[in-house]
Amino acid sequence: MSERRSHTPRPPRKYPWLRSAAERGAGAGPRPGAGAGAGAGAAGGPRTEPGAAAVDGTPVADEQSVVDAAVYRGGRRVGTPDGLAATFRRLREEPGAIAWIGLHRPSEAELLSVAEEFDLHKLAIEDALEAHQRPKLERYGETLFVVLRAARYLDAVEEVDFGELHVFVGPDFVITVRHGAAPDLSAVRTRMESAPELLALGPEAVLYAILDAVVDGYAPVVSGVQNDIDEIETEVFRGDPAVSRRIYELSREMVEFQRATRPLVGMLRGLMAGFDKYGTDEELQRYLRDVADHVTHTSERVDGFRSALTDILAVNATLVTQQQNAEMRALAEAGFEQNEEVKKISAWAAILFAPTLVGTIYGMNFTHMPELHWVLGYPFALLLMAVVCVSLYLIFKRRDWL
């Protein structure tokens, strides 16, 4: 019998899907690290703790990613072990207790150590190692595996930063694997420890608190995005040339935001559908319904943001086209005016060229030239110049060149 089973049997849980290892049935056998190996340790024989060097070649966990690990009983912290192995050991020594282990970007060795202790499914471990998963909720026997996408708004750069959180919820444990800066689970732990009556409801209460923290973290993002959209609308009608890029980048962020929030609606509906089946506490039912309402509201806001950005992009394209048309029209008008000036200059040049041509011919001073010694030659030349100039003037005036 394992170290845990050597204590007084645990009181029956009110949540059937969170049964302890002792309640799984005689045929299930002890879980790795809490069965035969633990019994050997209790009898005084050698025992390899999870996370230590194993004789079968299991990688050694360096435990550098453990943010916090604690054991709770009755909603109160009864132990803060140093490292994973100590946490596993303390959990087995405390009947009716639960362990809450927080990991940040754990190594493969650390996750394998946790998986060995709590009998986690290998597919869930692979997802937790690889990250970049879409939000989902899966059940592997008695363990729930939840993937959440947290978000936070960075005011300095006006961007949305997304983090990924994996949560394993079992009969007597909650394991969080965080990839990214968000969410701040230390605040969730502090909140739960300040409400021991809520924490006493078990691991599912921790799960709902984490869900609530992730969803509440969307509110500042929604406010920041709304402010960005208001600024973008002002920039669009002001004609800022850089607004198109900003619209595009914010639209991409809203696509990611939509991928983070939309699956949560179905996940929470699935949890609520199991209220009766798993006998979920009424207080937790109200808690989850409130989280579901917030998720639905956030998802609708995100959908609205995407629609608004699409409309703004269309309006911006229309305004840019109108501006380009106005610039082209201005260029055409300037070209037309320039052409008119050229025509006027050309007309006057032609008018002035006619008398110059006549004067040039009569100024050649050849000995034998018609009308060279004619008394009326000079008046005739002047008259000829005047007739040509007036004729050209009338022709250009009729054609609107002058």
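Located above this text is the structure these notes cover.
Summarised in this report is the structure supplied together with it. None of these values were measured; they are calculated from a predicted model.

1. Structural notes on the overall build of the protein
- Of the regular secondary structure elements, the protein holds 12 helices and seven strands.
- For the protein, with 402 residues in total, the buried portion stands at 43%.
- Of all intrachain contacts in the protein linking residues separated by at least 6 positions in sequence, the fraction that spans at least 24 positions is 67%.
- By element, 56% of the accessible surface of the protein is carried by carbon and sulfur atoms, the whole surface being about 21,200 Å².

2. Let's talk about the pairing of strand 4 (residues 136–140)
- Both strand 4 and strand 5 (residues 143–154) contribute to a ladder of five bridges, which runs antiparallel. The partner of Leu-137 across the bridge, within strand 5, is Val-146.
- The turn linking strand 4 back onto strand 5 is made up of two residues, and Gly-141 within it adopts a positive phi angle of 65 degrees.

3. A short note on helix 5 (residues 185–193)
- Along helix 5, the residues that are buried comprise Leu-185, Val-188, Arg-189 and Met-192. The arc enclosing the buried residues of helix 5, seen along the axis, measures out at 100 degrees, which places them on a common side.

4. Section: the packing of aromatic side chains
- Summed over all chains, the structure comprises seven aromatic pairs.
- By the ring-pair criterion, three or more aromatic residues cluster together here, those being Phe-88, Phe-118 and Phe-173.
- Here the guanidinium or amino end of Arg-189 rests over the ring plane of Trp-100, the centre of that ring lying 4.3 Å away.

5. A closer look at the pattern of salt bridges
- This structure, assessed with the given rule, holds 18 salt bridges.
- The partner of Arg-191 in a salt bridge is Asp-212, with the nearest N and O atoms 2.9 Å apart. One end of the pair, Arg-191, is in helix 5; the other, Asp-212, is in helix 7 (residues 203–216), and 21 residues separate them in sequence.
- Note that Arg-246 and Asp-228 form a salt bridge whose closest N and O atoms lie 3.3 Å from each other. With a gap of 18 residues between them, Arg-246 in helix 9 (residues 243–273) and Asp-228 in helix 8 (residues 218–238) connect regions that are remote in the sequence. Each member of the pair, Arg-246 as well as Asp-228, is classed as buried.
- Here the residues in one salt-bridge network are Glu-158, Asp-228, Glu-231, Glu-235 and Arg-246, joined through shared partners.

6. Details of the nonpolar core
- If you look at the biggest cluster of nonpolar residues, it comprises 61 residues, and the most contacted ones within it are Leu-148, Met-192, Ile-210, Leu-211 and Phe-257.
- Among the elements that line this core, the one with the most residues is helix 9, at 11 residues.
- Residue contacts for Phe-257: discarding those within four places in its chain leaves Ala-151, Phe-162, Tyr-218, Val-221, Val-222, Thr-298 and Val-302.
- Core analysis: the second largest hydrophobic core is formed by 23 residues, Leu-103, Leu-111, Val-114 and Phe-118 among them.

7. Digging into the sheet that holds strand 1 (residues 66–73)
- Overall, mixed pairing links the seven strands, which are arranged 2-1-3-7-6-5-4 in an open sheet. Pairing within the sheet leaves two strands with one partner each, and these edge strands are strand 2 (76–79) and strand 4. Strand after strand, the sheet turns through a mean of 25 degrees between neighbouring axes, direction not considered.
- As paired elements, strand 3 (residues 98–104) and strand 7 (residues 173–179) share six bridges and run parallel to each other. Looking across to strand 7, one finds that Trp-100 is bridged to Val-174.

Thresholds applied
- Here, residues in each chain are numbered from 1, in the same order as that chain's written sequence.
- Where totals are concerned, whole chains, interfaces and linings use all residues; where local detail is concerned, this predicted model gives features only for residues with pLDDT of at least 70, and gives and counts side-chain atom pairs only at 80 or more.
- Side-chain numbers come from the whole structure's heavy atoms, not from hydrogens or water.
- Numbering of helices and strands runs from the N terminus, with a helix taken as a DSSP run of H or I at least four residues long and a strand as a DSSP run of E at least two residues long.
- Categorising residues by exposure relies on relative accessible area from a 1.4 Å probe, with only protein chains included: less than 20% of the type maximum marks a residue as buried, more than 50% marks it as exposed, and the intermediate range marks it as partly exposed.
- The contact rule is simple, with two residues in contact once any of their heavy atoms fall within 4.5 Å.
- Using the Shrake-Rupley algorithm and a 1.4 Å probe, accessible areas are obtained, with residue cover drawn only from the displayed protein chains.
- Strand pairing follows a simple DSSP-based rule, namely that at least 2 bridges must link the two strands.
- It is the directions from the helix axis to the C-beta atoms that the arc portrays.
- Any two rings among Phe, Tyr and Trp, with Trp reduced to its six-membered ring, count as a pair given centres within 6.5 Å; such a pair is stacked if its planes are under 30 degrees apart, edge-to-face if over 60, and tilted if neither.
- Both a distance and an angle decide whether a charge sits over a ring: NZ of Lys or CZ of Arg must be within 6 Å of the ring centre and within 35 degrees of the ring normal.
- When a carboxyl oxygen of Asp or Glu is within 4 Å of a side-chain nitrogen of Lys or Arg, the pair counts as a salt bridge.
- The definition of a nonpolar core used throughout is a set of buried Ala, Val, Leu, Ile, Met, Phe, Trp, Tyr and Cys residues joined through side-chain atoms within 4.5 Å.
- To define axes, lines are fitted to C-alpha atoms, for helices over the stretch in contact only, and angles between the resulting N-to-C directions are given on a 0 to 180 degree scale.

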